[in-house]
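# Summary of the model geometry
Chain residues, written in single-letter form:
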Amino acid sequence: MSVIYDRVALIGLGLIASSMYWAMKRDGLAGEVTGYARSEDTRNTAREIGLCDRVCDSIAEAVEGADLVVLCVPVGAMGAVAAEMAPHLKPGATVSDVGSVKVNVIETVGPHLPEGVHFVPAHPLAGTEHSGPRSGFPELFANRWLLIVPVEGSDRDAVDRLRSLWEAMGSNVAEMDAEHHDLVVAVTSHAPHLIAYTMVGVADDLRRVTDSEVIKYSAGGFRDFTRIAASDPTMWRDVFLTNKDATLEILGRFTEELFALQRAIRQGDGEHLHAYFTRTRAIRRGIIEAGQDTDAPDFGRAGGRKK
Ligand SMILES: NC(=O)C1=CN([C@@H]2O[C@H](COP(=O)(O)OP(=O)(O)OC[C@H]3O[C@@H](n4cnc5c(N)ncnc54)[C@H](O)[C@@H]3O)[C@@H](O)[C@H]2O)C=CC1
Ligand SMILES: O=C(O)C(=O)Cc1ccc(O)cc1
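Residues numbered from 1 in each chain as written. Chains lettered and ligands numbered in written order. Predicted model: local features only at pLDDT ≥ 70, side-chain atom pairs only at ≥ 80, totals over all residues. Heavy atoms only, no water.

Named according to an unreviewed UniProt entry, the protein is Prephenate/arogenate dehydrogenase family protein originating from Sulfitobacter sediminis.

Where helix H7 (residues 178-205) meets helix H10 (residues 233-242), the axes come as close as 11 Å, and the angle between the chain directions of the two elements is 125°. When the axes of H7 and H10 are compared, the pair comes out oblique. Pair H7 / H10 crosses with left-handed handedness. Residues Ser189, His190, His193, Leu194 and Tyr197 of H7 touch H10, and the partners they reach there are Trp236, Val239 and Phe240. (Axes fitted to C-alpha atoms, helices over the stretch in contact; angles between N-to-C directions. Helix = DSSP H or I, 4+ residues; strand = E, 2+ residues; numbered from the N terminus. Parallel < 35°, antiparallel > 145°, perpendicular 65-115°, else oblique. Left-handed = near helix turned anticlockwise from the far one by under 90°. Contact = heavy atoms within 4.5 Å.)

Turning to helix H6 (residues 156-168), a few remarks are in order. Between its first and last C-alpha, H6 extends 18 Å over 13 residues, near the 18 Å set by a 1.5 Å rise per residue. Along H6, the residues that are buried comprise Ala158, Val159, Leu162, Leu165, Trp166 and Ala168. Directly beyond the C-terminal end of H6, a positive phi value near 105° is found at Gly170. (Expected span 1.5 Å × (residues − 1). Buried < 20%, exposed > 50% of the residue type's maximum accessible area, 1.4 Å probe, protein only.)

Moving on: the pattern of salt bridges. Following the criterion strictly, the structure yields 17 salt bridges and no others. The salt bridge partner of Glu32 is Arg54, with a shortest N-O separation of 2.9 Å. Taken as a pair, Glu32 in strand E2 (residues 30-36) and Arg54 in strand E3 (residues 54-55) lie far apart in primary sequence, 22 residues in all. When its relative accessible area of 26% is taken as the criterion, Glu32 is described as partly exposed. Residue Asp67 pairs with Lys90 through a salt bridge whose shortest N-O separation is 2.7 Å. Of this pair, Asp67 sits in the loop between helix H3 (59-63) and strand E4 (68-71) while Lys90 sits in the loop between helix H4 (78-85) and strand E5 (94-97), and the two are 23 residues apart along the sequence. (Salt bridge = Lys/Arg side-chain N within 4 Å of Asp/Glu carboxyl O.)

In the sheet, strand E7 (residues 122-124) pairs with strand E8 (residues 145-148) via 3 bridges, with the strands oriented antiparallel. If you follow Ala122 over to E8, its bridge partner there is Ile148. (Pairing = 2+ DSSP bridges.)

Further remarks concern the packing of H7 against helix H11 (residues 244-266). Between two packed helices, what matters for the description is the angle formed by their axes and the separation of those axes. Taken N-terminus to C-terminus, the directions of H7 and H11 make an angle of 60°; their axes are 9 Å apart at the nearest point. Crossing of H7 against H11: the hand is right-handed. For the pair H7 and H11, the contacting residues are Asp182, Leu183, Ala186, Val187, His190, Ala191, Leu194 and Ile195 in the first and Ala246, Thr247, Glu249, Ile250, Leu251 and Phe254 in the second. Taken together, the residues of the contact of H7 with H11 sort by class into 10 nonpolar, 2 polar and 2 charged. (Nonpolar A, V, L, I, M, F, W, Y, C, P; charged D, E, K, R; others polar.)

Moving on: the state of the cysteines. Counting across every chain of the model gives 0 disulfides. Counting only cysteine sulfurs, Cys56 is the nearest neighbor of Cys52, a cysteine outside any disulfide, at a range of 8.4 Å. Look at Cys52 and you get buried, because its relative accessible area is 7%. We note that Cys72 lacks a disulfide partner, and the nearest cysteine sulfur, in Cys52, lies 9.4 Å from it. (Disulfide = S-S within 2.5 Å.)

Turning our attention to the site of ligand 1. Lining the immediate surroundings of ligand 1 are 26 residues, of which Leu15, Ile16, Val73, Ser100 and Gly132 lie closest. Val73 is positioned such that a nitrogen or oxygen atom in its backbone is 2.7 Å from an oxygen atom of ligand 1. Within the backbone of Gly132, one N or O atom sits 2.8 Å away from an oxygen atom of ligand 1. Out of a free accessible area of 830 Å², ligand 1 has 89% covered by protein chains. For the shell around ligand 1, the secondary structure elements donating two or more residues are helix H1 (15-26), H4 and E7. Among the residues making up the shell around ligand 1, the classes are represented as 15 nonpolar, 10 polar and 1 charged. (Near = heavy atom within 4 Å. Polar contact = N/O pair within 3.5 Å; in protein donor to acceptor, adjacent residues only side chain to side chain. Areas by Shrake-Rupley, 256 points an atom, 1.4 Å probe, with all protein chains shown as cover.)

Accessible area lost upon the coming together of the parts serves often as the stated size of an interface. Assigned domains within the protein: domain 1 (5-176) and domain 2 (180-268). Taking only C-alpha atoms, the centre of domain 1 and the centre of domain 2 are 29 Å apart. Listed by partner, the interface residues are 17 residues for domain 1 and 16 residues for domain 2. A buried area of about 1200 Å², summed over both sides, lies between domain 1 and domain 2, and 66% of it is on carbon and sulfur atoms. Taken together, domain 1 and domain 2 are joined by 1 salt bridge. Remark: the boundary between domain 1 and domain 2 carries 6 residue pairs in polar contact (both at pLDDT 80 or more). (Domains from an automatic or database assignment. Buried area = accessible area lost by both parts, 1.4 Å probe.)

Shown next as structure tokens:
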């Protein structure tokens, strides 16, 4: 594949930035890629493992001359990072990010960017419970969604170029407005993470069940919860603090439904439980039949896993 950006700067060298670097380098999508992380330890690790063509000791040096700058730091750090780099951006550069929340990032980053710099926020719906510079791998984005959230006046060419980079890294790209994005991910990602954190916390509190039993007898569902609950605490603290309204809205609805199911169990209302589970099963089957579950094994269904 051919070079899409001559110079790319990655700010924050963790799971997402390192996966982007390995994917871009594997397929020759970028010329020189510079990197910066706040901690010296992280910068040294990056140098040691060859993450980035040049690891810089300041943001100014990293973004100097870059055609694309991607902010890959926790959502709560985006505004401060944008303020620090803004005076050093090349006119005509594109600034993007990979944050899990979009309204807050647009509000905190946008005002710092000078005229003539194109802001194209984005969010890869791909990740793992691992973090840091050693955790990335080039296939992370393959067959995963990448949501682009253009801001008012976003330059069409800048959006299309960023889209072509993510498509070249294997993503399926869709565009969405910021409020809608934050509500969608509150349902599909943020509330589920909080539920997993809570369930693992409950198991940990329940002294009558020992840790070894929790691990030994974990069936699929709880095992997934423990994996999710091992995710980076800083990243997830920032997600909940910055996607507050949408997450609280979904958790409010969740609690109401949970109370209704709790009452059905207490009252022995099997009809309610059966009807509820029948409805949720139909939703899952609908997703698989529509070929929208890129994770599900392909049991010969039409469409199958996206290639
Ligand atoms: N981990 C995941 O599964 C996904 C994460 N995201 C988003 O991507 C972003 C990055 O996440 P990860 O790569 O997972 O995080 P990570 O924890 O692996 O890496 C974050 C990096 O940012 C650096 N950093 C933190 N504060 C900084 C600051 N003020 N200035 C410069 N560097 C700073 C850290 O040292 C670290 O190198 C977050 O905004 C997150 O919401 C998006 C999709 C999936
Ligand atoms: O590891 C998992 O199950 C995830 O859900 C990964 C993930 C985490 C945060 C995002 O904003 C997008 C994807």
